[in-house]
Amino acid sequence: EYVIINGDFINRSDAKIDMEDRGYQFGDGVYEVIRVYNGKMFTAKEHLERLMVSGKKIGMEISYSVQEIKDMLTELISKNQLTHGTIYMQVSRGIAPRNHAYPATDVAQTFVANTKSVDRPARNMEKGVNTILVEDIRWLLCDIKSLNLLGNIMAKQKAVDAGCFEAIQHRGDIVTEGSSSNVSIIKDGKVITHPADNLILNGITRQKVLEVCRNNNIPVEEREFSLEELKSADEIFISGTTVEVTPIIEIAGEKVGDGTPGAVSRQIQELFKKAIE
Ligand code: PDD
């Protein structure tokens, strides 16, 4: 199995990262996860453009172009003979003696990427998943796909400890997003999801879902919604690169609707499936 480190394709077991890499010491960098279906990347351009934007937002101009990264990842897929799976990549601000201040701009960034073979989440999409609610304790730049994921992983672990699949985060009364997914509710046939501001990651899957809804006369509303609206929703689903469109059938032990995936979620799953084919 090959991985990429700074443009080189090397064996996973030979991959080494310096202990003073700023990604390791500070989480000082950004990342992306791209789905691969039938050996092809899905929405690669959107993900890679977001990677560039995430870099800019932390004052780091990524040293490769979108096309250069795309070419490297295409070669990685082929070398690893990946059919269905994901590609993970991250860019850190590079290796420098530990100091909070950014190093000089001539310090080379560290780019790494690897692949994982994984099927579509058929069972969860079919049956739906359980969730818990957790207070969103993260920082105020959640629109950046930053390597700093402590708030996210602590939320996810709470879900796992409760025997659930995902944690739905809320800031006070306002529902923001999952630990690694976006959250949408459906009320009276309308899809409602948190606006793409600094409090959520504007998921590529979220954007795709909104696009297919708009193209198929499913009304959508990007606005804040409350815990009360969440609890009284007809349907709820999470969206993301790994979960695609997964219905939520339970929140903290309370059933959503009748406790099974709803008709609108099913329709959106079908539309999304068409988009990836
Ligand atoms: N996470 N919100 C958060 C906090 C996320 O981490 C993710 C994705 C999403 C959905 O974004 P997208 O549709 O672009 O995948 C929303 C990735 C998959 C991860 O960290 O593994």
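Residues numbered from 1 in each chain as written. Predicted model: local features only at pLDDT ≥ 70, side-chain atom pairs only at ≥ 80, totals over all residues.

The name an unreviewed UniProt entry gives the protein chain is D-alanine aminotransferase, with Cytobacillus depressus as the organism. The record in UniProt for the protein chain states the following under Cofactor (unreviewed entry): "pyridoxal 5'-phosphate". Under the Catalytic activity (unreviewed entry) heading, UniProt states for the protein chain: "D-alanine + 2-oxoglutarate = D-glutamate + pyruvate". (UniProt positions renumbered as here; feature names shortened; annotations may be inferred.)

Draft legend 1. View of the overall build of the protein chain. For the protein chain, the helix and strand inventory stands at eight helices and 15 strands. Since a compact globule built from 277 residues should have a radius of gyration of about 19 Å, the 19 Å found for the protein chain is in line with a globular shape. If you line up the protein chain on its principal axes, its C-alpha atoms span 55 × 40 × 35 Å. A burial count over the protein chain gives 39% of its 277 residues as buried. In the protein chain, 69% of the contacts between residues at least 6 apart in sequence involve partners at least 24 apart. (Helix = DSSP H or I, 4+ residues; strand = E, 2+ residues; numbered from the N terminus. Rg over C-alpha atoms; globule rule 2.2 N^0.38 Å. Buried ≥ 20, exposed ≤ 12 C-beta atoms within 10 Å, placed from the backbone. Contact = placed C-beta atoms within 7 Å.)

Draft legend 2. Structural context of unusual backbone geometry. The phi torsion at Asn38 lies on the positive side, around 50 degrees, for a residue other than glycine. Residue position: Asn38 is located in the loop between β3 (29-37) and β4 (40-41). Phi at Thr43 takes a positive value of approximately 50 degrees, unusual for a residue other than glycine.

Draft legend 3. View of the site of the ligand. As a matter of local geometry, the ligand sits amid 15 residues, with Gly203, Ile204, Thr205, Gly240 and Thr241 nearest to it. Ranked by residues supplied to the shell around the ligand, first place goes to helix α6 (residues 204-215) with three residues. Its residues assigned to classes, the shell around the ligand comprises three nonpolar, ten polar and two charged. (Near = placed C-beta within 6 Å. Nonpolar A, V, L, I, M, F, W, Y, C, P; charged D, E, K, R; others polar.)

Draft legend 4. Highlighting α6. For α6, spanning twelve residues, the distance from its first C-alpha to its last is 16 Å, which sits close to the expected 16 Å at 1.5 Å a residue. Once α6 finishes, Asn217 follows within two positions and takes phi at roughly 55 degrees, a positive value. (Expected span 1.5 Å × (residues − 1).)

Draft legend 5. Region of the structure containing the pairing of strand β7 (residues 129-135). When β7 meets strand β14 (residues 244-251), the two strands line up parallel, connected through three bridges. The residue bridging Asn130 from the neighbouring strand is Glu250, located in β14. Relative to strand β8 (residues 166-171), β7 is paired through five bridges, and the arrangement is parallel. Bridge pairing links Ile132 to Ala167 in β8. The parallel pair β7 and β8, bridged by helix α5 (residues 150-161), forms a crossover whose chirality is right-handed. (Pairing = 2+ DSSP bridges. Right-handed = clockwise from strand over helix to strand, strands pointing away.)

Draft legend 6. Layout of the pairing of β14. Counting buried residues along β14, six of its eight residues qualify, which places the element largely inside the surrounding structure. Pairing between strand β13 (residues 235-240) and β14: four bridges, direction antiparallel. Each residue of the ladder has a partner; that of Ser239, found in β14, is Val245. Bridge count for β14 against strand β15 (residues 254-255) is two bridges, and the pairing is antiparallel. The residue of β15 that forms the bridge with Ile251 is Glu254.

Draft legend 7. Representation of the sheet that holds strand β2 (residues 8-11). Strand order in the open sheet formed by six strands is β2-β1-β6-β5-β3-β4, and the pairing between neighbours is antiparallel. Edge positions in the sheet fall to β2 and β4, since each has one partner strand and no second. As paired elements, β3 and β4 share two bridges and run antiparallel to each other. In the sheet register, Val36 faces β4, and the bridge partner there is Met41. Together, β3, β4 and β5 (85-92) form the strand contacts of helix α2 (residues 44-57), whose direction differs from that of β3 by roughly 175 degrees. (Axes fitted to C-alpha atoms, helices over the stretch in contact; angles between N-to-C directions.)

Draft legend 8. Spatial organisation of the environment of Arg123. Residue position: Arg123 is located in helix α4 (residues 122-127). Residues Arg123 and Gly7 lie 116 residues apart in sequence; the distance between their C-alpha atoms is 37 Å.

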